[in-house]
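Structure assessment
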Amino acid sequence: MDEQSTLRIDDAEIWPRIDAAIPPDPALESRVDAVLDRLSLEEKVGQLIQAEIQHATPEDVMRHGLGSVLNGGGSFPHNDRNARRRDWLELAESYHRAAMRTDGGRTPVPVLWATDAVHGHNNVRGATIFPHNIGLGATRNPDLVRQVARCTALEMSATGIRCAFSPSVSVAGDYRWGRTYESFAEDPQLVSRFSKAMIEGLQRDSSGRAFGDGAVIATLKHFVGDGGTHLGIDRGDTRVDEQTLCDIHGLPYLSGLAAGAQVIMASFSSWNGEPVHGSRYLLTTVLKECIGFDGFVIGDWNGHAFVPGCSRTECAPALNAGVDVIMVPEDWRELLENTLAEVRTGVIPESRIEDAVRRVLRVKFRAGLFDKEWPESEVVDATSRFGAPAHLDVAAQAVQESLVLLKNRNGLLPLAGNLHVLVAGDAAQNLEKQMGGWSITWQGRGVLPDDFPQASSILDGISARIRQGGGRLTVAPDGVFDERPDVAIVVFGEAPYAEWYGDRDTLEFEVDIKFWHAEGVLPRVRPTLELLSSLKAQGIPVVSVFLTGRPLYVNTELNASDAFVVAWLPGSAGERVAAPLFEPGDEGEQVDFTGRLGFAWPGGLTSAGQPAAESPPLFPLGFGLGLNDRCELPGRLPESGTDGSRRFRPLNIFTRGFVEPWKILLQSGEETRAVLPSSGTKSTGRVGEIRVDARDRNIQEDTWLITWSGAGEARFLLSAGDPLNLDAFLAADAALCFDLRMDTPAGDIRIEMIGADDRPLGFSLGDRIGDVAPGIWRSVRIGLREFADLGLDLGNIRHPLLLRSTEKSRLSISAIRIDRPDACD
């Protein structure tokens, strides 16, 4: 295939060769050769392993010669949720000193610490948080984005971390994809401009010198096609021909590589059915041989495990395909040993190891890691770099330039500062919604005001403008007031999310999972729309400020609003959202809206929740009003939504980790406790005689390990808060489905549901699954009709799953849902 593919490239000139801004350097290559010659095979393989900081100590780095470490989202030094900048720096120094030890004949090679700095140094408390890429793309300002990247690099250097897993240069096609906000735009030409700016900002100092003071190594991700997967499914399949793959999804990589990007992260996704992590054609033939990339390719979080013939602990096909560094957060010891064995037996050629290590060393030399002492000169003034006021100014400018005005009926905006303003909605001072995913924690949940000490809320900005203008302010999230306001500003939007968990079934805003039933009908329980409609009915002008990581179908919300502003996910400088909403008063010129859509905005949906092909976009790519523009929408937009569909929709209870409104409850004795998303690397909970721990099966935290101590009855329950009506699922002959792995015999474990009378009804788990070998996953289904036959009222279910036991037992459970029986296997 490789020979034919290469000929196809040569004939069609699909993938052009790039001239990188950092050219080959013979003197540097001699230094690479000198180090490579001194490395033992064990040390060479160690350079190709990246472990997570919770699972690899500085001593591990020294003993095994690990080439790099990372901190996952929500992972902190020593797993300390309150770790400060100095704690990060001290751990980085510990890793560095361990890697540079020479005792025992070791060859010192600097360790590379990488982090997902995707909108600032967003894993560290006190860092400046910038708008996510979708907001930056709306600025149409590559120079500003270059400044954002430079600020990010400076804050990273203040913690001793030398590699950013950014920028994401995905070209998002289906907005249901949960990583749409990591995409600058749907236009590959626009993404290419920002790709270049980000690489330059991260990897160059203030004078433009590559890897000068405060610069870090950038990573282009995720090569290639992750934004084009079928149905917008994260880690899915991109089904396009090669020319399209290059022209749309490959173009931003060509721009970033020409700017000097040194690292590329392979995509979790597949191209026409082949996982990218296992594609020698894409990673070696195209990227390295044709395009001419001479840096290194890193895998994504356990991404190698999804290549056919691989597991987390063994994956010669990924290395042979062209992945140079394997990201294996927990199981790195086993992978290291297995890789050594595969090299010794010839499964992995030594030449492949030599090439991969050479690439790693080349990047470390180019970045100056071999030439830096510790403490490094640039961290001496770290306090002036980390969370610096100048960085917050850049963030504020980015917020202001990213705001897109979609509607301004009768010139309602700008508002006079002397009005009586009602601020309503749930997001005016909600830092979770303002920051979005990848903010301290992986999914952006559970953050605290102390995490962002320099941050301001949108309400802060509105309040300041009203004070300056001599107006009055009423704050009421529910919109209830004692004295009628002149105008209402309603701030609302998406709850935070990150990869995989952010995938949606529909683009309709405010779809609550607990109201779906088997007929696909969504009753209109929509608090934001009810709030907007109530204010509108009272004749109060409404300004809507929408926080979102993607374009969503909001026709109903637009109809209920006189003005509508898309503020994306603004980050630390929330107060700047208010700037163009108000007249300037005495302090200067009017701030106008200059943001332009990087994505077309849907105006009609199919029954599956996609933008309807026959319906033109409501707002095209590049749309954005200024305050003086008079572009009125039709009197009333159609409000079709997705609730007309009659096709079956499964009820996903726990298929992608924590998804509102579902929660886990643990009961032991008289105590009940909810398990909340963790601020560390893994969610966990314990009450009396039962413990649960999040585990990774297919993705991060998609599985629960449940352990009973055996000292008394204890329960694991799932709850949506409000009772569920499952009658429509019963009529559709649906089943409770889940995947199960037993680590001990089932014993007396029972699997049940609880109805309105609080009486558990169900079955012995052992009777349902029979004798199952330990450690083997199997799919289990129990028809809802079987529960109904026990006398359970499916129209009023408080807990759709209860597992209880009095014996010492342990099992893992995943993919819990109510679905058609034929979809359960």
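We now turn to the structure provided with this report. None of these values were measured; they are calculated from a predicted model.

1. Side note on unusual backbone geometry
Look at the link from Lys221 to His222: it is a cis peptide, with omega at 0°. Relative to the assigned elements, His222 resides in strand S5 (residues 217-223). Cis geometry marks the peptide bond from Phe223 to Val224; its omega dihedral reads 0°. Assignment of secondary structure puts Val224 in the loop between S5 and strand S6 (237-238). Residues other than glycine seldom take positive phi values, yet Asn302 does so here, at roughly 55°. You can see Asn302 is positioned in the loop between strand S10 (296-298) and helix H11 (316-321). We note that Asp758 has phi near 65°; this positive angle belongs to a residue other than glycine.

2. With respect to the side chain of Gln262
Relative to the elements of secondary structure, Gln262 occurs in the loop between helix H9 (242-258) and strand S7 (263-266). For Gln262, the residues in contact, after removing those within four places along its chain, are Ile22, Gln203, Phe211, Ile217, Ala218, Phe293, Gly295, Phe296, Val363 and Arg366.

3. Details of empty space enclosed by the protein
Scanning the model with the defined rule gives nine cavities of 30 Å³ or more in all. In this structure, the largest cavity occupies an estimated 140 Å³ of space. As for the largest cavity, its lining consists of twelve residues, and the residues nearest its centre are His96, Val111, Gly160, Arg162 and Trp374. If you tally residues by element for the lining of the largest cavity, the top one is helix H5 (residues 85-99), at three residues.

4. Focus: the sheet that holds strand S9 (residues 274-275)
Read from one edge to the other, the open sheet built from three strands follows the order S6-S8-S9, with strand pairing classed as mixed. Two strands in the sheet have a free side with no partner beyond their single neighbour: S6 and S9. The pairing of S6 with strand S8 (residues 270-271) spans two bridges and is classified as parallel. Bridge pairing in S8 places Asp237 opposite Ser270.

5. Looking at the pattern of salt bridges
Between side chains of opposite charge, a pair can form when the charged atoms approach closely. Tallied over the entire structure, the rule returns 48 salt bridges. Notably, a salt bridge pairs Glu42 with Arg344, separated by 2.5 Å at the nearest N-O pair. Here Arg344 lies in helix H12 (residues 332-344) and Glu42 lies in helix H3 (residues 41-47), a separation of 302 residues in the sequence. On the basis of relative accessibility, which here comes to 52%, the residue Arg344 falls in the exposed class. A salt bridge links Arg409 to Asp562, with the shortest nitrogen-to-oxygen separation between them at 3.5 Å. A residue pair is termed long-range when its members are at least 10 positions apart, and Arg409 in the loop between strand S12 (404-408) and strand S13 (420-424) and Asp562 in the loop between helix H19 (555-559) and strand S17 (563-566) qualify at 153 residues. Owing to a relative accessible area of 21%, Arg409 belongs among the partly exposed residues under this scheme. By sharing partners, the salt bridges in this structure join Arg179, Glu182, Asp234, Arg235 and Glu499 into a single network.

6. Re the layout of surface pockets
Its boundaries defined by the atoms lining it, the second largest pocket holds a volume of some 240 Å³. Considering the residues around the second largest pocket, the lining is formed by 13 residues, among which Arg312, Arg695, Asp696, Arg697 and Arg741 are closest to the centre. In the lining of the second largest pocket, the residues fall into two nonpolar, two polar and nine charged.

7. Some words on the state of the cysteines
For the structure on display, the rule yields two disulfides. Paired by a disulfide, Cys310 and Cys315 hold their sulfur atoms 2.1 Å apart. Disulfide Cys310-Cys315: the torsion about the S-S bond is 70°, which places it as right-handed. Here Cys310 matches Cys315 in class, with each residue buried. Across the disulfide from Cys737 sits Cys824; the S-S distance is 1.6 Å.

Rules of the game
Residues numbered from 1 in each chain as written. Predicted model: local features only at pLDDT ≥ 70, side-chain atom pairs only at ≥ 80, totals over all residues. Heavy atoms only, no water. Helix = DSSP H or I, 4+ residues; strand = E, 2+ residues; numbered from the N terminus. Contact = heavy atoms within 4.5 Å. 1 Å grid on protein atoms, 1.4 Å probe; cavity = no way out; pocket = protein on both sides within 12 Å on 5 of 7 lines; lining within 4 Å. Points joined across faces, edges and corners; volume = space filled by probe spheres on them. Pairing = 2+ DSSP bridges. Salt bridge = Lys/Arg side-chain N within 4 Å of Asp/Glu carboxyl O. Buried < 20%, exposed > 50% of the residue type's maximum accessible area, 1.4 Å probe, protein only. Nonpolar A, V, L, I, M, F, W, Y, C, P; charged D, E, K, R; others polar. Disulfide = S-S within 2.5 Å.

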